[in-house]
Amino acid sequence: MMDFGFYLTPSSTIELDKVDRKAVDDLARADSGFRTCIACGSCTASCTAGVFAETSVRRAILSVLNGRDEKAMDLLSSCMLCGKCMMVCPRGINTRHLILSLQKYYNGK
Amino acid sequence: MAKNIIVIGGGPAGLEASARLDALGYNVFLVEKETRLGGHLARWDRLFPEGVPAAPVLEKLVSGTGNTKVMLESEVLSLSRLGKSFRISLTSGVSVIADAVLMTTGFDLFDASKKEEYGYGIYDHVVTNADIEGYFRTGKDPRIGSPERIGLVHCVGSRDEKAGCRNCSKVCCATAVKQACELKAKFPSATVYCFYMDLRMFGRGYEDLYLKAQKEYGIRFIRGRVSEVSEKIDKTLQVKAEDTLSSTPLKVSLDLLVLMAGMRPSEAGAKVGKMIRLGTGDDGYFNTSDGFTGMQATSVPGLFVAGASTGPKTLPDTLSEARAASALIHEYLRES
C-alpha cells in the first residue's frame, strides 16, 4: 500500500441510520428491559465482576440500541449471573433474563 | 344562612382553601389529625429555590384562616352522602353536615428505612431530607456531627419499582440542591456530592439554584444512582454508584449521607377517600375529573380535591390549586 504519510481511522460516530432495527425489536420483544432502562448505573455500581473486568448491563443495553452488538457482548462476557444488578434496578428489569436473551440471540446467529 | 364546607387536612392546601372560603363568607370546618396545623411545612426550615424561611410562610397561611373552625387531633370516622350534602363524623365526637367537601390530605414522606441498602435506621450517619430540615430548625441531631464529606441521594423511594413508586416526586431535586448548599454553608470545609439520575430543575429560579450550587458552593454532581451503602468500622460510610458519564464504577467514603425521601399518597387520606368512593390511580393518588380542566373536581358532585393528594406538587402549585378549588366550590354552591 502506498504510504501517504497519513492514514484514515474509521469514524467513531454512532450512526443510528445503520442500526439493525429488527435486531433491536427482536431483543426488546425477548426482554422489555432493552427499552425501559433509564441508565441510572445501579447495575454497574453493584456488579461483582465489574471491579475486575469491564462489565456493565447499562452500557450493554445502550450498545444494543446504538447497533454495537459486539461491544454489548464484550461488556457482559465476564458476567457470572450473580443477579445483584437485578436486586438494585429501579425499573425492575430482570437483568439476568436480559443478559441471557442477548447472548442467546447473538450466539444463535 | 351561610353554607358549611369541610376541608380535610390542615396542611398548606387546607389552610389556603380555608382562608379563601372563609373570606367568601362560608362556614369552614378544617379537620386535622395532628396536634398542630401546617402538615409537612411545619417540619421544614427553609424553602427552595431562594431558601426563604418556612415559618413565616406557615404563619401567614394560618393567620389567614379567619373564622375557620379548626378541629385538631380529629380523624374522620365516617364520611357519606346525605342527599346533596355530606355527613361527616370525627373521632373527636363532632358531626357536621356540609354542602361541600374539599380533600387536602396531601402526602406521606416515603419511609426511607424501606430502602434497606441505604441503611437508614441501621447506620449511624444516614439521615433523610426531613431530618436535615429538623436539624436546621433545632440545631440538634446526634447523627450529623461535623461532617467533612457529605453525600445526598436523589430519588429515594421515587422512580423505583422496587419501592412501589414509579413516579417522580417532583420536589426532591430542588430540595437536594438547596440542602447541599445549606450543608456546605454550615460546614464550609466539607466536600458535598449529589448523586442523581436526572436533575429535574423545572421551576422558576431552580436552574439558578443549580448554577449557584456549582459556582458558589462547589457541589459535585455525580450522575449515577447509589446502589449500596455500607458502614465501616470507624462508622464512616462507603457509598457505591456508577459515574455513568465516565462509565466507571465509583466509590467514596462519607461522614454523612442524606436520603431524599419522596412523596407517597397519604395513608390517612386514602382511608377517607375510600369512605366516599373517591377513585385512585395505580399510583395511589386521587383521580380528578380530568387532568387539564378538571383538576380540582372529582366524580362525586360536591367533593373537591387540591394539593398533593392528587400527585406530588411544589408548595406554590399546592397553594394555586387550593385557590382554584375555592373558586370552584364557590361556583358549585352558588348554583346548587
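Residues numbered from 1 in each chain as written. Chains lettered and ligands numbered in written order. Predicted model: local features only at pLDDT ≥ 70, side-chain atom pairs only at ≥ 80, totals over all residues.

**Structural notes on the overall build of chain A**
For the record, the criterion: Secondary structure elements are defined from DSSP: runs of H or I of at least 4 residues count as helices, runs of E of at least 2 residues count as strands, and each element is numbered from the N terminus. Three exposure classes are used. Buried residues have 20 or more other C-beta atoms within 10 Å of their own C-beta, exposed residues have 12 or fewer, and partly exposed residues fall in between, all C-beta atoms being placed from the backbone. By the convention adopted here, residues are in contact when the distance between their C-beta atoms, placed from the backbone, does not exceed 7 Å.
Helix and strand content of chain A: seven helices and zero strands. Seen in sequence order, chain A has helices and strands lined up from the N terminus as α-α-α-α-α-α-α. Its C-alpha atoms put chain A at 55 × 35 × 25 Å along the principal axes. Within chain A, buried positions represent 36% of all 109 residues. Counting only contacts in chain A whose residues sit at least 6 apart along the sequence, the fraction spanning at least 24 positions is 60%.

**A look at the domain arrangement of chain B**
Residue and element names in this part refer to chain B. Rule in force here: Residue ranges for the domains originate in an automatic or database domain assignment.
Here chain B is partitioned into domain 1 (4-106 + 266-335) and domain 2 (112-263). Taking the mean C-alpha position of each, domain 1 and domain 2 sit 31 Å from one another. Listed per partner, the contact involves 13 residues of domain 1 and 20 residues of domain 2.

**Considerations on the sheet that holds strand β5 (residues 69-71) of chain B**
Residue and element names in this part refer to chain B. Our working definition: A strand pair is defined by DSSP finding two or more bridges across the two strands. The axes are straight lines fitted to the C-alpha atoms, using for helices just the contacting stretch, and the angles between their N-to-C directions are given from 0 to 180°.
The five strands are arranged β5-β2-β1-β9-β20 in an open sheet whose pairing can be described as parallel. Looking along the sheet, the strands with just one partner apiece sit at the ends: β5 and β20 (303-305). Looking at each pair of strands side by side, their axes are set apart by 20° on average, direction ignored. Here strand β1 (residues 4-8) runs beside strand β9 (residues 100-103); their pairing, made up of four bridges, is parallel. When the sheet's bridge partners are listed, Ile8 is paired in β9 with Met103. Its contacts with the sheet place helix α1 (residues 12-23) against β1, β2 (27-31) and β9, and it is angled at close to 170° to β2.

**Some words on helix α7 (residues 315-335) of chain B**
Residues and elements named next belong to chain B. To be explicit about the condition: Helix span, as expected, comes to 1.5 Å for every residue beyond the first. Of all possible arcs, the one meant is that of the directions from the helix axis to the C-beta atoms.
Under the 1.5 Å per step criterion, the end-to-end length of α7 is 31 Å for 21 residues, consistent within 8% with the ideal 30 Å. Those residues of α7 lying buried are Leu315, Thr318, Leu319, Glu321, Ala322, Ala325, Ser326 and Ile329. Mapping the buried residues of α7 onto a view down its axis gives an arc of 155°, with all of them on the same face. In this structure, α7 carries Pro316, Glu331, Arg334 and Glu335 as exposed residues pointing more than 90 degrees from its buried face. Contacts made by the buried residues of α7 are with β1, α1, β3 (46-47), β9 and β20.

**Here we look at the packing of helix α1 (residues 21-30) of chain A against helix α7 (residues 95-107) of chain A**
All names here are of chain A. Applicable threshold: The labels follow the angle: roughly parallel below 35 degrees, roughly antiparallel above 145, roughly perpendicular from 65 to 115, and oblique for the rest. By convention the crossing between two helices is left-handed if the near helix lies anticlockwise of the far one by an angle smaller than a right angle, and right-handed if it lies clockwise. Residue polarity is assigned by list, with Asp, Glu, Lys and Arg as charged and Ala, Val, Leu, Ile, Met, Phe, Trp, Tyr, Cys and Pro as nonpolar; anything else, Gly included, falls into the polar class.
Two numbers describe how α1 lies on α7: the axes approach to 9 Å, and their chain directions differ by 140°. Accordingly, the angle class assigned to the pair α1 and α7 is oblique. The handedness of the crossing between α1 and α7 is right-handed. Together, Asp26, Leu27 and Ala30 of α1 and Ser101, Leu102 and Tyr105 of α7 make up the contact between the two elements. Residue composition of the contact of α1 with α7, grouped by class: four nonpolar, one polar and one charged.

**Describing the pairing of strand β17 (residues 248-254) of chain B**
All names here are of chain B. Pairing between strand β16 (residues 237-243) and β17: seven bridges, direction antiparallel. Pairing of Asp243 across the sheet is with Thr248, part of β17. Taking the residues that link successive antiparallel strands as the turn, the β16-β17 hairpin has four residues, and the phi of Ser247 there is positive, at about 55°.

**Description of the interface of chain A and chain B**
Listed per partner, the contact involves 17 residues of chain A and 15 residues of chain B. The leading source of residues in the side of chain A that touches chain B is helix α3 (residues 42-46) of chain A, at four residues. In terms of residue class, the side of chain A that touches chain B is built from seven nonpolar, seven polar and three charged.

**Considering the confidence of the model for chain B**
As a reminder of what qualifies: The predictor's confidence in any single residue is recorded as pLDDT, a number from 0 to 100.
Residues of chain B with pLDDT of at least 70 account for 100%, and the chain-wide mean is 97. For this predicted complex, the interface confidence reaches an ipTM of 0.88, while the overall pTM sits at 0.94.

**Structural notes on the environment of B:Asp131**
For B:Asp131, the location among the structural elements is in helix α3 (residues 129-138). Residue classification places B:Asp131 among the partly exposed positions, given that 19 C-beta atoms sit within 10 Å.

**Digging into α3(B)**
Residue and element names in this part refer to chain B. If you check which residues of α3 are buried, you get Asn129, Ile132, Glu133 and Tyr135. Within α3, the buried residues cover an arc of 155° as seen down the axis, which keeps them to one side. Positive phi appears at Gly139, one or two residues downstream of α3, with a value of about 75°.

**Here we look at unusual backbone geometry**
Look at the link from B:Phe48 to B:Pro49: it is a cis peptide, with omega at 0°. Topologically, B:Pro49 is positioned in the loop between β3 and β4 (52-53). A positive phi angle, near 55°, is found at A:Ala39, a position not held by glycine. With respect to the helices and strands, the residue A:Ala39 is situated in the loop between α2 (33-36) and α3. With 18 C-beta atoms packed within 10 Å, A:Ala39 lands in the partly exposed category. The phi torsion at B:Lys170 lies on the positive side, around 70°, for a residue other than glycine. Note that B:Lys170 resides in the loop between β12 (149-156) and α4 (172-186).

**Here's the deal with the sheet that holds strand β15 (residues 228-231) of chain B**
Residues and elements named next belong to chain B. An order of β15-β16-β17 is seen for the three strands of this open sheet, with the pairing classed as antiparallel. The open sheet is flanked by β15 and β17, the only strands paired with a single partner. Each adjacent strand pair in this sheet contributes to an overall mean axis angle of 25°, direction not counted.

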